[in-house]
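# Survey of secondary and tertiary structure
Residue strings, one per chain:
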Amino acid sequence: MLRGLGARLARHGSCALTGIIAHLRLLPPPRTAPGAGLLCAGAALSRGKPKSAIINCKNRCAKYCPSYIPLPSSWAVSIPFFHVVFTGKNEYDLLVIGGGSGGLACAKEAAQFGRKVAVLDYVEPSPQGTAWGLGGTCVNVGCIPKKLMHQAALLGSSLKDAQHYGWSISQPVHHTWSVMAQSVQNYVKSLNWGHRVQLQEKKVKYFNIKGSFSDPHTVRGLTKAGKEVSCYNIVIATGGRPKYPVHVAGALEYGITSDDLFWLKESPGKTLIVGASYVSLECAGFLTGIGLDTTVMMRSIPLRGFDQQMASLVTEHMESYGTKFLKRCFPTKVEKLKSNRLQVTWKNADLGTEETDSFNTVMWAVGRAPDTKTLNLEAAGVKTNSETGKIIVDASEATSVPHIYAIGDITEGRPELTPTAIAAGKLLAQRLFSQSSELMDYDNVPTTVFTPLEYGCVGLSEEAAVQRHGSDNIEVYHAYYKPLEFTVAERDATQCYIKMVCLREREQRILGLHFIGPNAGEVIQGFALGIKCGATYPQMMKTVGIHPTCAEEVTKLHITKRSGLDATVTGC
Amino acid sequence: LFLKKHKGSNDTSQYHLQALIEAAKYGKKVMVLDFVTPTPQGSSWGLGGTCVNVGCIPKKLMHQAALLGQALQDSRKFGWHFTEEVKHNWMTMTESVQNYIGSLNWGYRVALRDSKVTYENAYGEFVGPHTIKATNKKGIEKLYTAERFLIATGERPRYLGIPGDKEYCISSDDLFSLPYCPGKTLVVGASYVALECAGFLAGLGLDVTVMVRSILLRGFDQDMANRIGEYMKDHGVNFIREFVPIKVEQVEEGTPGILKVTAKSTTGDQIIEGEYNTVLLAIGRDPCTRKIGLDKVGVSINEKTGKIPVNDEEQTNVPYIYAVGDILQDKLELTPVAIQAGRLLVRRLYAGATTKCDYVNVPTTVFTPLEYGACGYSEETAVEKFGEENIEVYHSNFWPLEWTVPSRDNNKCYAKIICNIQDNERVIGFHILGPNAGEVTQGFAAAIKCGLTKEQLDSTVGIHPVCAEVCIQSHLKVTSKSCIHGILG
């Protein structure tokens, strides 16, 4: 490692040299007495020198190393030359901007190593004025409320099923939005509080302020005057927010997004959701499930990026479930009627016609974008992708500025998922402060779409597998199955489907697994682990099933697509 | 080529049907004998064996009925409104379940016919080498000969051997088709059958008591077993520990009637009495191997248990007679295992295959109200086999997201992973207690088959928010040795 470092140093200049030597000397530099003064890596060499010297050193480094090339990611641990450098009142080993899944995980992990950590979190209210507490998208306006409302909808189906199973429930059954919303919101607030408490317990300083860079080492609070935090290691984890369409009149004025939906006090009523992302389909699914008249308007394909056969099964099921679809349509304007309803005008791309209808609520689910404007990334020199606005990072989550890192939804090319952000945040903290060199592995990340019939997947879609390996080199095993619970409940299982994409060579390594059915997330998780372990088709077949479950069907897949045989599971 | 490859089988497990169908596929002449001896209460059923008729299928469906009862309560917290009074109708449920079973019975008949397997609803008994006698319901006897035989007669519930047991008590063979609601029920036994039945009966709103002689779920991880017991207790199931019934008397006839049960302490002389509408015996199962003429052909059985020892190719000591399923000695009593064993056997016999059935790391699930999924070693067996210092146990309590809003059962769900320190922290035991445990466990079983280690477990990304994610990454806290209880928020 030292030899490698030496080579790197030659390019780096003397400043980096002192930094690295100091760093090596001090590793691991536990922080025994926070606030006892500077515990700067550089201080070991410049003991007794005034603070300014260190700051100069830091500045020189930034100034004279414009051609800095990030070290190989496995050496990420060597990047932080100076663990603490401060100007002004605060000193921190790590500053995290954004208190969502990734940011909090990173902050808490760093604090566990005895580091002094600060988190800045501030929620800019949505255009409709919705705001929330600490915890980021997942907790407040994502996974948590979405899965709970999905559960509310599933319970609606349970009420119907229950009657087949002998429960007599007097009709009518109806759903009250406010009761559900209140319960969900109370739970979310308890999580906000839980996060506050956890930060306190771990001695992470939390500021409810919006961070903005004033230089590569200094972040200024925008809301409360005067707060300025400087820190060498800075992690940006501010996530993304729903996009609004730009050329639709009335969109911003009258429409809501998923940032608002979960916090509505009253039922959204008849709802139009524009978009075909998983956010759109999940929301449309649970709104339909609790009995609302719900329409999805989609311009092109559903669930872009997911396996398209699975995506069409998902939407096909939603149609039979009662969700309406306006396909190949795009909105042109939204107007408010005297009745307070919203009149939406759209174009049908197939027919070339213009159509209108009125709704109580119009929700945009046309994608999410990072909000990097207020971060003032230019001041820090952090590069973004000009198209997506996302921050460009390397395998060690370092941005174009080596001491500034980014994790989670704000990073370019990474999955927008809570567990990946959490894992990336933790690993980053471990690399920074605990001599670890383990990088986040973004391959084979499993995920689940919580549509009325859930869709879980891991690995490659069939299209991606074909593209990568050629259709002659892959084998797809598939099955249409019927969950046991559906039989007595007389539920239709037409879309309950499993697909395993394997390499065709002798070993038949599994490239992707796709599952549509109840509890898809629970089913996929363990198999994702198997695929991580390099599972092959024969190994899967050697696994004995658990009877009677839906997951056992995965271990019984034996019909190939190539054979053209009927893939319907018969018997049980 | 395929001449007279007659295959006689006295088969009560439907999955061997698949094996036979498979054999027929290879052009063999196959026959299946299946005959269900009615229970002392007169219950009987169609083709398909225990799993389909009086096991997995009806049990899971009735478990589902009970879960839906919980769902009804939860649903109010999620905004659903309906009148306060909700009743369960036993007959509606049972008829639906039985209709479904009927359709499966029919499906198997059709499948056998389609594959040209001869099916005889007759009782088979060996009478001499390569010869079996089939006796049908009317007492008509026929003799058949075959080159090879497969015994797959399975097991039936055991009775206590006390006054009144066969006259008044029912078993799981009767429960799923009981033409009346069982009412206040005493379940005798602590096997998984006992706890599953007690669980769903309580979930349907019945007054249920479980009488346990010693421990719960013998053979399973005892830490998990006790947690299951605790949960059931919290959900209204009464437990009478360390007692065994010594007498059952009828107080009143009826559907259900009233029975008086007298029980004796296993530790002292204490005698207790109680009145119940129904007494369900679930104290174990015995293989159906003693009345099929095995002595005539010289197939040896374990005299004590009645089970048949076989080699690793499911062959008995008589080379042309094979056995699979619940009647095997030291093998697992699980439907999917029986299917696998039967199918692989046929492939070895008739298709030149060599793959043997792998009885290692077979996952299973107990469908108690809080489901329990397991794969690999229990903590006790792992300690016994590898030594306490060589295993590491990672564990965590968890609270399913769906249970937060109804605010119920916090910290009752639990996951535990046992690793072998000396083998690169390979995962040798997986245990989870929570909703959909079966669905969760299946994939982990596949991963264990692929040699899963703790390191791989840590580097896999979770799916949020599901219960299964508790088992991966750093959600699991280190070792129960140190008695630190990990709690996932």
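Residues numbered from 1 in each chain as written. Chains lettered and ligands numbered in written order. Predicted model: local features only at pLDDT ≥ 70, side-chain atom pairs only at ≥ 80, totals over all residues. Heavy atoms only, no water.

Chain B has the name Thioredoxin reductase 1, cytoplasmic in an unreviewed UniProt entry, where Catharus ustulatus is given as its organism. UniProt, in the comment section headed Sequence similarities (unreviewed entry), describes chain B in these words: "Belongs to the class-I pyridine nucleotide-disulfide oxidoreductase family." (UniProt positions renumbered as here; feature names shortened; annotations may be inferred.)

Chain A is annotated in an unreviewed UniProt entry as thioredoxin-disulfide reductase (NADPH) of Catharus ustulatus. Taken from UniProt, the Cofactor (unreviewed entry) comment for chain A reads in full: "FAD".

Residues and elements named next belong to chain B. Scanning all chains against the criterion turns up zero disulfides over all chains. Here cysteine 56 stays free of any disulfide, with the sulfur of cysteine 51 as its closest cysteine sulfur at 3.2 Å. Left without a disulfide partner, cysteine 413 is nearest to the cysteine sulfur of cysteine 467, which lies 6.2 Å away. (Disulfide = S-S within 2.5 Å.)

Let's shift gears to the UniProt feature "binding site: FAD" (unreviewed entry) in chain B. Residues and elements named next belong to chain B. Within this structure's numbering, the places UniProt gives as "binding site: FAD" (unreviewed entry) are Lys60, Gly124 and Asp326. In terms of the greatest pairwise C-alpha distance, the residues named above, spread along 267 residues, do not form a single cluster, extending to 30.4 Å across. Considering the arrangement of structural elements, one finds glycine 124 in strand S6 (residues 122-128). According to the relative accessible area criterion, glycine 124 is buried, its value standing at 1%. Relative to the helices and strands, aspartate 326 is located in the loop between strand S20 (321-323) and helix H10 (335-350). Beyond its immediate stretch of four places on either side in the chain, aspartate 326 contacts Gly154, Glu155, Lys307, Glu333 and Leu334. (Helix = DSSP H or I, 4+ residues; strand = E, 2+ residues; numbered from the N terminus. Buried < 20%, exposed > 50% of the residue type's maximum accessible area, 1.4 Å probe, protein only. Contact = heavy atoms within 4.5 Å.)

As a further point, take the packing of helix H6 (residues 143-164) of chain A against helix H10 (residues 278-289) of chain A. Geometry of a packed helix pair, given as the angle between the helix axes and the separation of the axes. Residue and element names in this part refer to chain A. Between H6 and H10, the least distance of the axes is 8 Å, while the angle of their chain directions is 35°. For the pair H6 and H10, the crossing hand works out as left-handed. Residues Lys146, Met149, His150 and Ala153 of H6 lie in contact with H10, whose contacting residues are Tyr278, Glu282, Phe286 and Gly289. Its residues placed into classes, the contact of H6 with H10 shows four nonpolar, two polar and two charged. (Axes fitted to C-alpha atoms, helices over the stretch in contact; angles between N-to-C directions. Left-handed = near helix turned anticlockwise from the far one by under 90°. Nonpolar A, V, L, I, M, F, W, Y, C, P; charged D, E, K, R; others polar.)

In summary, the side chains of a regular strand alternate between the two faces of the sheet. Residues and elements named next belong to chain B. In this structure, strand S16 (residues 258-265) lies alongside strand S17 (residues 271-276), joined through six bridges in antiparallel fashion. When the bridges of S17 are listed, valine 261 appears paired with glycine 274. Between S16 and S17, which follow one another and run antiparallel, lie five residues. (Pairing = 2+ DSSP bridges.)

Now for the UniProt feature "domain: FAD/NAD(P)-binding" (unreviewed entry) in chain B. Under the UniProt annotation, the feature "domain: FAD/NAD(P)-binding" (unreviewed entry) is placed at residues 18-342 of chain B. This span, residues 18-342 of chain B, is 33% helix and 26% strand, and a straight line between its end C-alpha atoms measures 8 Å.

Right, let's talk about the sheet that holds strand S13 (residues 324-327) of chain A for a bit. Strand order in the open sheet formed by five strands is S10-S17-S11-S12-S13 (chain A), with parallel pairing between adjacent strands. The sheet is open, and its two borders are formed by strand S10 (256-257) and S13 of chain A, each paired with just one other strand.

What follows covers the pattern of salt bridges. Residue and element names in this part refer to chain B. Within the structure shown, the criterion is met by 48 salt bridges over all chains. Of the charged contacts, one joins lysine 416 and aspartate 223 as a salt bridge, the two residues approaching to 3.0 Å between their closest N and O atoms. With lysine 416 in strand S24 (residues 413-420) and aspartate 223 in helix H8 (residues 222-234), this residue pair connects regions lying 193 residues apart in the sequence. What makes lysine 416 buried here is its relative accessible area of 0%. Of the residues examined, aspartate 223 reaches a relative accessible area of 26% and is grouped as partly exposed. Between lysine 233 and glutamate 230 there is a salt bridge, with the nearest N and O atoms lying 4.0 Å from each other. Of this pair, lysine 233 and glutamate 230 both sit in helix H8, three residues apart, roughly one helical turn. Residue class for glutamate 230 comes out partly exposed when judged on its relative accessible area of 44%. (Salt bridge = Lys/Arg side-chain N within 4 Å of Asp/Glu carboxyl O.)

Between chain B and chain A, the contact holds 83 residues from the first and 79 residues from the second. Interface area for chain B against chain A, summed over the two sides, is near 7000 Å², with a carbon-plus-sulfur share of 68%. The tally of links between chain B and chain A comes to two salt bridges. The residue glutamate 485 of chain A makes a salt bridge to lysine 60 of chain B at a minimum N-O spacing of 2.8 Å. Taken together, chain B and chain A are joined by 26 residue pairs in polar contact (both at pLDDT 80 or more). Along the lines of polarity and charge, the residues of the side of chain B that touches chain A split into 42 nonpolar, 30 polar and 11 charged. (Buried area = accessible area lost by both parts, 1.4 Å probe. Polar contact = N/O pair within 3.5 Å; in protein donor to acceptor, adjacent residues only side chain to side chain.)

Scanning the entire structure with this criterion turns up 12 aromatic pairs over all chains. Ring plane angle 35° and centroid distance 6.1 Å describe the contact between phenylalanine 262 of chain A and phenylalanine 286 of chain A, whose orientation is recorded as tilted. One end of the pair, phenylalanine 262 of chain A, is in the loop between helix H9 (258-261) and strand S11 (271-274); the other, phenylalanine 286 of chain A, is in helix H10, with 24 residues separating them in the sequence. On the basis of an interplanar angle of 40° and a centroid distance of 4.5 Å, the ring pair of tyrosine 480 of chain A and tyrosine 497 of chain A is categorised as tilted. One end of the pair, tyrosine 480 of chain A, is in strand S22 (residues 474-480); the other, tyrosine 497 of chain A, is in strand S23 (residues 497-503), with 17 residues separating them in the sequence. Grouped by ring-pair contacts, the aromatic residues Phe126, Phe149 and Tyr320 of chain B constitute a single cluster. (Phe/Tyr/Trp six-rings, centres within 6.5 Å; stacked < 30°, edge-to-face > 60°.)

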